[in-house]
Amino acid sequence: MPSGICPECDGEIHVSPDVEIGDFVTCPECDVELEVIEVDPLEFEVASEEDFLDEDEEEW
Ligand SMILES: [Zn+2]
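Now for a quick tour of the structure.

The rules we used
- Residues numbered from 1 in each chain as written.
- Predicted model: local features only at pLDDT ≥ 70, side-chain atom pairs only at ≥ 80, totals over all residues.
- Heavy atoms only, no water.
- Pairing = 2+ DSSP bridges.
- Helix = DSSP H or I, 4+ residues; strand = E, 2+ residues; numbered from the N terminus.
- Axes fitted to C-alpha atoms, helices over the stretch in contact; angles between N-to-C directions.
- Donors = N, O, S within 2.8 Å, 3.2 Å for Na, K, Ca; no water.
- Tetrahedral: all angles 85-135°; square planar, octahedral: opposite > 155°, others 65-115°.
- Buried < 20%, exposed > 50% of the residue type's maximum accessible area, 1.4 Å probe, protein only.

Things to note about the sheet that holds strand β4 (residues 33–39)
So, step 1. Ordered by their spatial adjacency, 3 strands build an open sheet running β3-β4-β5, and the pairing between neighbours is antiparallel. The outermost strands of the open sheet, each flanked by one partner alone, are β3 (24–26) and β5 (42–46). In this sheet, neighbouring strand axes are inclined to one another by 45 degrees on average, regardless of whether the strands run parallel or antiparallel.
So, step 2. Two strands pair when backbone bridges link them, and β3 and β4 are joined in this way by 3 bridges, in the antiparallel orientation. Residue pairing across strands places phenylalanine 24 opposite glutamate 35, the latter belonging to β4.

Section: the coordination of the zinc ion
So, step 1. Protein-derived coordination of the zinc ion comes from Cys6 (SG), Cys9 (SG), Cys27 (SG) and Cys30 (SG), at a distance range of 2.2 to 2.4 Å.
So, step 2. Taken together, the 4 donor atoms surrounding the zinc ion define angles of 106 to 112 degrees at the centre, an arrangement classified as tetrahedral.
So, step 3. Here cysteine 9 falls in the partly exposed class, since its relative accessible area comes to 33%.

Shown next as structure tokens:
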């Protein structure tokens, strides 16, 4: 079973062997929602909707 490291807490996350880029997983250690951005090697990125909202609000 493939595994990667949580960018939030450095915990180990195991995913199903058929995981694909763009899939979402939840870290069992810190409960953060993560998006799969790379599968070989396995890498995650924190999926935070608040980040996108913040960008929308930054209007000149
Ligand atoms: Zn975590």
